[in-house]
Amino acid sequence: MARIIGALATSHIPAIGGAIAKGLEEDPYWKPFFDGFGPARDWIRREKPDVAIVFYNDHGLNFFLDKMPTFAVGAAPEYRNDDEGWGIPTLPPFKGAPDLSWAIINHLVDREFDIVTCQEMLVDHAFTLPIKLFWPEGGGPLTVPVCINTVQFPLPSAKRCVALGRAVGEAVAAWAGDKKVVMIGSGGLSHQLDGQRAGFINKPFDLKFMQSMIDEPEWAAQYSIHELVEKTGTQGIELLNWLAARAAAPGPVHKVHSNYHIPISNTAAGMLALEAA
Ligand code: DHB
Ligand code: FE
């Protein structure tokens with residue numbers, strides 16, 4: 001039987017990829033960000049998860065505004081990165097886990113989620129950076145991309161994203177594959193890249209949200225999408241991916257490590273590593 005060992009989450013600011021490519025981890029601007037990953041990387045080296053389910057949002061690479069699924073699940077043997085070019089240089093393809101993908105897809109449809117299934121799928125910085133950050137030496141896990149629309153209204157409610165995560169967790173727990181599985185939530189925390197509130201950051205909300213991921217994982221689901229955008233910014237709403245990832249690793253957890261640093265780019269950078277208790 002598969003075993004869900006925990007949940008990881010991190011911001012996915014594209015400039016992180018540029019910093020990795022240029023070896024800037026010790027640079028004073030970047031050090032407080034990269035230093036936050038040490039204990040999580042140690043935990044991953046120790047626990048050796050075989051598969052990562054990556055809850056993320058596409059930013060116009062695989063889905064553009066003309067065709068925007070609310071939820072899409074990858075079922076490909078591999079996923080190629082073909083990002084916009086100002087982050088990490090092109091990476092070798094990420095290996096898929098089609099057996100697990102189909103187990104998840106079948107369970108989600110059975111549970112009345114009307115998802116899009118993708119037997120070919122390009123993945124952008126929101127998918128590649130968490131893997132690169134948590135597995136810096138390479139040799140990363142098999143992957144299943146679960147894409148949530150956080151980009152073009154109408155967005156799925158936080159409550160619905162929690163339900164999606166929970167159903168993904170059920171599918172993984174019931175899967176016969178003898179693998180260790182870790183959930184990953186990508187994006188956030190508070191940021192707004194454009195409009196009158198460009199540069200908006202809400203540290204008190206972010207810190208409360210990060211704590212809730214540990215001990216009250218559905219706390220943020222009390223808010224509507226518009227309330228969450230007001231509290232976190234138009235791109236801070238990417239926290240939906242964190243919520244879904246945590247819901248997919250249900251039950252009590254203990255914190256391996258967390259980090260919160262303002263700013264990277266115009267964004268509050270958060271990192272959280274949780275181990276299933
Ligand atoms: C930035 C953050 C994002 O989440 C993103 O997708 C693109 C850019 C930024 O802070 O620069
Ligand atoms: Fe983003």
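On a predicted model such as this, the values are computed, not experimentally measured, just so you know. (Residues numbered from 1 in each chain as written. Chains lettered and ligands numbered in written order. Predicted model: local features only at pLDDT ≥ 70, side-chain atom pairs only at ≥ 80, totals over all residues. Heavy atoms only, no water.)

Some thoughts on the sheet that holds strand β4 (residues 78-81)
Piece 1. With mixed pairing, the 3 strands of this open sheet are ordered in space as β5-β4-β7. Unpaired on one side and paired on the other, β5 (94-95) and β7 (122-123) mark the two borders of the sheet.
Piece 2. Bridge count between β4 and β7: 2 bridges; the pairing is parallel. Bridging across to β7, arginine 80 finds its partner in leucine 122. (Pairing = 2+ DSSP bridges. Helix = DSSP H or I, 4+ residues; strand = E, 2+ residues; numbered from the N terminus.)

Comments concerning the pairing of strand β9 (residues 180-186)
Piece 1. Buried residues dominate β9, accounting for 6 of its 7 residues.
Piece 2. One ladder, built from 7 bridges, connects strand β1 (residues 3-10) with β9; its direction is parallel. Directly across from isoleucine 4, in β9, lies its bridge partner valine 181. (Buried < 20%, exposed > 50% of the residue type's maximum accessible area, 1.4 Å probe, protein only.)

Describing the sheet that holds strand β3 (residues 71-74)
Working definition: the strands of a sheet are paired by backbone hydrogen bonds and lie parallel or antiparallel to each other.
Piece 1. The 8 strands are arranged β6-β3-β8-β2-β9-β1-β11-β10 in an open sheet whose pairing can be described as mixed. On the outer flanks of this sheet lie β6 (116-118) and β10 (253-264), each paired with one strand and no other. Between one strand axis and the next, the sheet turns through 15 degrees on average, direction left out of account.
Piece 2. Note that β3 and strand β8 (residues 142-148) share 3 bridges and pair antiparallel. Paired with valine 73 across the strands is valine 146, a residue of β8. (Axes fitted to C-alpha atoms, helices over the stretch in contact; angles between N-to-C directions.)

Details of the site of ligand 1
Piece 1. Around ligand 1 sit 12 residues, and of these His59, His125, His191, Ser265 and Thr267 come closest.
Piece 2. Between ligand 1 and histidine 12 there is a distance of 3.0 Å, counted from an oxygen atom to a side-chain nitrogen or oxygen.
Piece 3. Relative to its unbound accessible surface of 300 Å², ligand 1 loses 93% to contact with the protein.
Piece 4. By residue class, the composition of the shell around ligand 1 is 4 nonpolar, 7 polar and 1 charged. (Near = heavy atom within 4 Å. Polar contact = N/O pair within 3.5 Å; in protein donor to acceptor, adjacent residues only side chain to side chain. Areas by Shrake-Rupley, 256 points an atom, 1.4 Å probe, with all protein chains shown as cover. Nonpolar A, V, L, I, M, F, W, Y, C, P; charged D, E, K, R; others polar.)

Some remarks on unusual backbone geometry
Negative phi characterises most residues that are not glycine, and trans characterises most peptide bonds.
Piece 1. Across the junction of glycine 188 and leucine 189, the peptide omega takes the value -15 degrees, indicating a cis bond.
Piece 2. Its place among the elements puts leucine 189 in the loop between β9 and α7 (203-215).
Piece 3. Here the bond from isoleucine 262 into proline 263 is cis, since omega is -20 degrees, no more than 30 degrees from zero.
Piece 4. Tracing the backbone through its elements, the reader meets proline 263 in strand β10.
Piece 5. Unlike most non-glycine residues, glutamate 112 shows phi in positive territory, near 70 degrees.

Some details on the packing of α7 against helix α9 (residues 239-248)
Piece 1. Two elements in contact, α7 and α9, have axes separated by 10 Å at closest approach and are oriented at 15 degrees. Considering their axes alone, α7 and α9 lie roughly parallel with respect to each other. Here α7 runs over α9; the crossing is left-handed. Together, Phe205, Phe209, Met210, Met213 and Ile214 of α7 and Leu239, Trp242, Leu243 and Arg246 of α9 make up the contact between the two elements.
Piece 2. Split into classes, the residues belonging to the contact of α7 with α9 amount to 8 nonpolar, no polar and 1 charged. (Parallel < 35°, antiparallel > 145°, perpendicular 65-115°, else oblique. Left-handed = near helix turned anticlockwise from the far one by under 90°. Contact = heavy atoms within 4.5 Å.)

Some remarks on the nonpolar core
Piece 1. Within the largest apolar cluster, 60 residues are counted, with the highest numbers of intra-cluster contacts made by Ile53, Phe55, Ile104, Val172, Met183 and Phe209.
Piece 2. Ala19, Trp30, Val54 and Ala126 belong to the second-largest nonpolar core, a separate cluster that totals 40 residues. (Core = buried A, V, L, I, M, F, W, Y, C linked by side-chain atoms within 4.5 Å.)

Thoughts on the coordination of the iron ion (ligand 2)
Piece 1. Protein ligation of the iron ion (ligand 2) involves His12 (NE2), His59 (NE2) and Glu238 (OE), the donor distances falling in the range 2.0 to 2.2 Å.
Piece 2. Mapped onto the polypeptide sequence, the residues donating to the iron ion (ligand 2) form the spacing pattern H-x46-H-x178-E. On the criterion of sequence distance, the pair formed by histidine 12 in the loop between β1 and α1 (15-21) and histidine 59 in the loop between β2 (51-56) and β3 is long-range, its members being 47 residues apart. (Donors = N, O, S within 2.8 Å, 3.2 Å for Na, K, Ca; no water.)

Here's the deal with the environment of phenylalanine 33
Piece 1. Its location among the elements puts phenylalanine 33 in helix α2 (residues 31-34).
Piece 2. For phenylalanine 33, a relative accessible area of 2% puts it in the buried group.
Piece 3. Through-space distance from the C-alpha of phenylalanine 33 to that of threonine 234 is 22 Å; in sequence the pair is 201 residues apart.
Piece 4. With residues up to four places along the chain from it excluded, the contact list for phenylalanine 33 reads Ile16, Leu133, Asn259, His261, Ile264 and Ala269.

That's the geometry; what it means functionally is another story.
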